[in-house]
Amino acid sequence: MNIIDMPYDFTSYEFFRKVLVDAKYNCDSKLIFDFSNTRRVEPLVIPNLLCLAYEIKQETGTIPQILIPDTYEGGVLRNYLNEIEFTKYALGAELYNFPYNPYGGLSGKKIDPLCGTLVFDAVSTRDEIYRGIDMCITPFAERYLEKFNSYNDNNMYINEIVEFLEEIIVNSKVHGKSFSITTLHANYSAKKIYIAISDVGGGFYSTLQNEAIDNDEKAILAGIYKRKDSKVYGLYNVIRRVLEFEGRIRIHSNDTQIIFTPRVKTEFLNERLNKVNNFRKYNVKGTVQYDGVHIEMELPLERGWRDENFR
């Protein structure tokens, strides 16, 4: 049995830098994810944790266990994981074992009920996906954008957010082996919406294999530009609009991730990313194998707001 210490500040960056690496190199025995020293869990990490547990279960037949200490901080963490519905899906799918009832603990800061997790399994129809979006994502976008007066009279900003979320979620479900997971969260102080979507599938490379593509980096870019000139909304238009909203988007496929920020918008639109100085050095990152595709977005609630600290 191997114990893996979870980061103090559990961000998506820390997941790919540390947690994924430790889990992959130690999954030959039963794993315990120890949250004793964790004080914050970024909602964008939730799809990663659920998909990673599924992978480990498929590969080894064992179910990872989560250890949350019986302390004040542990109670706050258990309450938070319950409120964003991580607990519901982890236990419901038997993806994690908990050493004791995770629903206990002291109450922490309340999470907005519109922030949470959606899971679409292998038998979910498009109509069911759209109903889930209508019930969760649409009011989520409306509520937070209205709070910051961040859309015009025609609600174009809301409509576009919902439209490209529909595109990504449907694609995730179509290409995933079993399910896709979506989380939504808002950060009032930073004035951002965070959205993460993961599927358990073969990634871009397995769906775009041809002689000109020999790695996931090329496959991601090929998949993005494939529908650039078509009438289908497509991933290209999703990224284009995110960048035009001064947001940023990270796409991870198998062992490669590419980060798009507003500073590469012009080159992205002209398909000239390879001409950008240091684009590969700073925006293309390698990691250990993580089956499927993970996409996360940061969208400003105030138009024109910028943050250069996205890693």
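Residues numbered from 1 in each chain as written. Predicted model: local features only at pLDDT ≥ 70, side-chain atom pairs only at ≥ 80, totals over all residues. Heavy atoms only, no water.

**Student:** Mind laying out the side chain of Glu 55, listing which residues take part and the relevant values?
**Tutor:** Relative to the helices and strands, Glu 55 is located in helix H2 (residues 45–60). Residue classification places Glu 55 among the buried residues on the basis of a relative accessible area of 4%. Excluding anything up to four places from it in sequence, Glu 55 contacts Lys 24, Tyr 290 and Asp 291. (Helix = DSSP H or I, 4+ residues; strand = E, 2+ residues; numbered from the N terminus. Buried < 20%, exposed > 50% of the residue type's maximum accessible area, 1.4 Å probe, protein only. Contact = heavy atoms within 4.5 Å.)

**Student:** Tell me what's going on with H2, and back it up with residues and numbers.
**Tutor:** Compared with the 22 Å implied by 1.5 Å per residue over 16 residues, the 22 Å span of H2 between its first and last C-alpha is a close match. Of all 16 residues in H2, twelve are buried; the element is thus mostly enclosed. When H2 is considered as a whole, its buried residues turn out to be Val 45, Ile 46, Pro 47, Asn 48, Leu 49, Leu 50, Cys 51, Leu 52, Ala 53, Tyr 54, Glu 55 and Ile 56. (Expected span 1.5 Å × (residues − 1).)

**Student:** How would you sum up the packing of aromatic side chains? Please name residues and give values.
**Tutor:** Describing an aromatic ring pair means giving the distance of the ring centres and the angle of the ring planes. Going through the model one piece at a time under the given rule, you end up with six aromatic pairs. Measuring from ring centre to ring centre gives 5.2 Å for Phe 15 and Phe 16, while their planes differ by 85°; the resulting arrangement is edge-to-face. Accessibility classification places Phe 15 together with Phe 16 in one group, the buried group. Geometrically, the ring pair formed by Phe 260 and Phe 268 is edge-to-face, given 5.5 Å between the ring centres and 70° between the ring planes. Judged by its relative accessible area of 0%, Phe 260 is buried. Connected via pairs of aromatic rings, a cluster forms that spans Tyr 225, Tyr 236, Phe 260 and Phe 268. Just above the ring of Phe 245 sits the side chain of Arg 241; from NZ or CZ to the centre is 4.7 Å. (Phe/Tyr/Trp six-rings, centres within 6.5 Å; stacked < 30°, edge-to-face > 60°. Lys NZ or Arg CZ within 6 Å of the ring centre and 35° of its normal.)

**Student:** Residues and numbers for the sheet that holds strand E5 (residues 65–67), please.
**Tutor:** As summarised here, the arrangement of the three strands in space is E1-E3-E5, forming an open sheet in which the pairing is parallel. A strand with exactly one partner marks an edge of an open sheet, and here the two such strands are strand E1 (2–5) and E5. Taking each pair of neighbouring strands and ignoring which way they run, the sheet shows an average axis angle of 25°. For strand E3 (residues 31–34) and E5, the ladder comprises three bridges, and the chain directions are parallel. Bridge assignment links Asp 34 to a residue of E5, and that residue is Leu 67. (Pairing = 2+ DSSP bridges. Axes fitted to C-alpha atoms, helices over the stretch in contact; angles between N-to-C directions.)

**Student:** Before we move on, can you summarise the nonpolar core with the specific residues and values?
**Tutor:** Core analysis: the biggest nonpolar cluster contains 39 residues, and Ile 224, Leu 235, Ile 239, Ile 249, Ile 251, Phe 260 and Phe 268 have the highest contact counts within it. Listing elements by their share of this core, those giving two or more residues are strand E6 (116–121), helix H5 (126–147), helix H6 (156–175), strand E8 (192–201), helix H8 (216–225), helix H9 (234–244), strand E9 (248–260) and strand E10 (284–300). No other element matches the six residues that H9 contributes to this core. If we ignore the near neighbours within four places in the chain, the residues touching Leu 235 are Glu 167, Ile 168, Phe 204, Ile 224, Ile 251 and Ile 295. In this structure, Phe 15, Phe 33, Phe 35 and Ile 181 belong to the second largest nonpolar core, which totals 36 residues. (Core = buried A, V, L, I, M, F, W, Y, C linked by side-chain atoms within 4.5 Å.)

**Student:** Describe in detail the pairing of E3, supporting the description with residues and values.
**Tutor:** On E3, burial covers both faces: Leu 31 and Phe 33 on one face and Ile 32 and Asp 34 on the other are all buried. Taken together, the four bridges between E1 and E3 define a ladder with parallel strand orientation. Pairing of Asp 5 across the sheet is with Asp 34, part of E3.

**Student:** Provide a residue-level description of the confidence of the model for the protein, including the pertinent values.
**Tutor:** Looking at the protein as a whole, the pLDDT averages 75, with 74% of positions reaching at least 70. For the stretch residues 101–111, pLDDT sits under 50, and the model shows 24 contacts to residues farther than four places along the chain or on other chains. Within the model, the stretch residues 304–311 combines pLDDT values under 50 with 22 contacts to residues more than four positions away or in other chains. (pLDDT = per-residue confidence, 0-100.)

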